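# Summary of the model geometry
The primary structure of each chain is shown beneath.
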Amino acid sequence: MPATASTAQSLQAEMAVRHDWKRSEIEALFALPFNDLLFQAASIHRAHFDPNAVQVSTLLSIKTGACPEDCKYCSQSGHYNTELEKEKLLEVARVVEEAKAARDKGASRFCMGAAWRSPRDRDMPYVLDMIRQVKGLGMETCMTLGMLDKGQADALADAGLDYYNHNLDTSPEYYGKVITTRTYNDRLSTLSNVRDAGMKVCCGGIVGMGEERDDRVGLLQQLANLPHHPESVPINMLVKIEGTPLADVDDLDPFEFVRTVAVARILMPESYVRLSAGRQEMNDEAQALCFMAGANSIFYGERLLTTDNPEANHDQLLFKRLGIHPLDPRHEASDEAHEEAIKAQVAEQEAEEAGLFYNAMDKRSAKHVLDKDTGRPATTEH
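Everything numeric here is computed off the predicted structure, so don't read it as measured data.

So, on to the overall build of the protein chain. Scanning the protein chain for helices and strands turns up 14 helices and 14 strands. Taking all 382 residues of the protein chain together, 53% fall into the buried category. Contacts spanning at least 24 positions in sequence make up 74% of the contacts within the protein chain whose residues lie at least 6 apart. For the protein chain, the computed accessible surface area is about 17,800 Å², with 51% contributed by carbon and sulfur atoms.

In structure tokens:
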């Protein structure tokens, strides 16, 4: 009996929500054997969430390009020549139209991003109208508009904004090698203003920017030791953009990415951990490992601001293969609308693979390319 009580106490301690994580504790998690780490993360995930439900969001760029910040990963920075065309703030009606399409494809949250250092007073009325109208569609709303002062945060909250996204990007130690036009404290100040206004926080980072594991430890420590954990924690894999300073950085080991997801799940057990940018470069097996490690949110649709993302039909097929379902039950009808198409895709795939030897190790050398006519993934060699 004492041993059973001790085990129960140990499990309860592991499941506890903490804000006092030490670097040494996080380093020890990263150093665990891969299977042990995934088992611990999956156990914590199951204690707090339906392990087979995934929250689905869609992201739209409402103002593209010419950003004054010098983020070395970003195609929208005005400091680099990425051949991205500058666009003005989208009309409210266009944004609402895109939100309706996202809702009909199964998204429960609509995220809107603008390439600004911070919102300008003249743009705020349009932004606030977007929030109100998208909310009127029955969707959750999220925005990322750069830095916010207290007044701007209060105005967004009053309009009904549910989430505000503002990533820390990386560790405080590595931050200066990626961005110089705003400080780490600037980012923390915006997060504080968002919290004080009563909105939920979407905050994570980017891995694969040439940082070391110590920096991934530092990023997750910063997130986990915030006074309140972000409700949504996007873990982005760097998308290398030609013309940016990080275009030629070495690829991150996919298993290290999965480890990062698993450690995020353990440190922030009640947060949604989102697979964000970089899914286009991941094969289905890597994404499945991420879901096993505790990821339970994705961006859904063809674009993430200015970079490609797996198309909705491919995500629907992957969900079907894994037995995963969208979190929001309001969209079950939308899923059923895709049922026949998914069955046809599965049947076609099974027919193609019948009698063929499948070598999982070869998958890493392949890149998913979406067929423009069918919307299904084809495979081409790098």
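Here the focus is the pairing of strand β8 (residues 272–275). When strand β7 (residues 232–237) meets β8, the two strands line up parallel, connected through 4 bridges. The residue bridging V233 from the neighbouring strand is V273, located in β8. Regarding the hand of the β-α-β motif, the stretch spanning β7, helix α10 (residues 254–267) and β8 is right-handed. Between the parallel elements β8 and strand β9 (residues 297–299), the chain passes through helix α11 (residues 284–292) in a crossover that is right-handed.

What follows deals with the nonpolar core. Counting 92 residues, the largest nonpolar core has M143, L156 and F257 as its most contacted members. By residue number, the principal contributor to this core is α10, which donates 8 residues. With residues near it in sequence (within four places) discarded, F257 still touches V207, I235, N236, M237, L252, L275, M282 and C290. Among the nonpolar cores identified, the runner-up in size contains 5 residues, and L59, C111, Y163 and F299 belong to it.

Per-residue pLDDT for the protein chain has a mean of 80; in total, 74% of the residues score no lower than 70. For residues 1–10, every residue scores under 50 in pLDDT, and the model assigns this stretch 0 contacts once sequence neighbours within four places are set aside.

Along α11, the residues that are buried comprise D284, A286, Q287, C290 and F291. Projection of α11 onto a plane perpendicular to its axis shows the buried side chains occupying an angular sector of 160°, all on one side. Two to three positions downstream of the cap, the backbone nitrogen of E285 sits 3.1 Å from a side-chain oxygen, assigning the N-cap of α11 to N283. Just downstream of α11 lies G294, where phi reads positive at about 115°.

Okay, the side chain of D215 next. Looking at the element boundaries, D215 is found in helix α9 (residues 213–224). Of the buried charged residues, D215 lacks a salt bridge, with R23 as the closest side chain of opposite charge at 6.2 Å.

Take α9 next. Given a rise of 1.5 Å per residue, 12 residues ought to cover 16 Å, and the 16 Å separating the end C-alpha atoms of α9 matches this to within 8%. In terms of burial, α9 is largely enclosed, as 9 of its 12 residues are buried. Among all positions in α9, only D215, R216, V217, G218, L219, L220, Q221, L223 and A224 are buried. Structurally, α9 contributes buried residues whose contacts are with α2 (23–30), α7 (172–175), α8 (184–196), β6 (205–207), β7 and α10.

Take A115: it is sitting in the loop between β2 (109–114) and α5 (124–135). C-alpha of A115 to C-alpha of K63: the two residues are 52 residues apart in sequence and 5.8 Å apart in space.

To describe a pair of aromatic rings, you give the distance between the ring centres and the angle between the ring planes. For the structure shown, the criterion picks out 4 aromatic pairs. Ring centres of Y175 and Y184 lie 5.2 Å apart, and the angle between their planes is 90°; this geometry places the pair in the edge-to-face category. Judged by its relative accessible area of 9%, Y184 falls in the buried class. A centroid spacing of 6.3 Å and a plane angle of 85° characterise the contact between F291 and F319, whose relative ring orientation is edge-to-face. Of this pair, F291 sits in helix α11 while F319 is found in helix α12 (residues 312–322), placing the two residues 28 residues apart along the sequence. The exposure classification of F291 matches that of F319, with both residues buried. A cation over a ring is seen here: R18 above W21, with NZ or CZ 4.0 Å from the ring centre.

All right, on to the side chain of N167 then. On the secondary structure map, N167 appears in the loop between β4 (163–165) and α7. A distance of 3.1 Å separates a polar atom in the side chain of N167 from a polar atom in the side chain of N165. With sequence-adjacent residues up to four places away left out, N167 is seen in contact with R187, C202, C203, G204, G205, P234 and N236.

Calculation notes
- Residues numbered from 1 in each chain as written.
- Predicted model: local features only at pLDDT ≥ 70, side-chain atom pairs only at ≥ 80, totals over all residues.
- Heavy atoms only, no water.
- Helix = DSSP H or I, 4+ residues; strand = E, 2+ residues; numbered from the N terminus.
- Buried < 20%, exposed > 50% of the residue type's maximum accessible area, 1.4 Å probe, protein only.
- Contact = heavy atoms within 4.5 Å.
- Areas by Shrake-Rupley, 256 points an atom, 1.4 Å probe, with all protein chains shown as cover.
- Pairing = 2+ DSSP bridges.
- Right-handed = clockwise from strand over helix to strand, strands pointing away.
- Core = buried A, V, L, I, M, F, W, Y, C linked by side-chain atoms within 4.5 Å.
- pLDDT = per-residue confidence, 0-100.
- Arc of directions from axis to C-beta.
- Polar contact = N/O pair within 3.5 Å; in protein donor to acceptor, adjacent residues only side chain to side chain.
- Lys, Arg positive; Asp, Glu negative; His and termini not counted.
- Salt bridge = Lys/Arg side-chain N within 4 Å of Asp/Glu carboxyl O.
- Expected span 1.5 Å × (residues − 1).
- Phe/Tyr/Trp six-rings, centres within 6.5 Å; stacked < 30°, edge-to-face > 60°.
- Lys NZ or Arg CZ within 6 Å of the ring centre and 35° of its normal.

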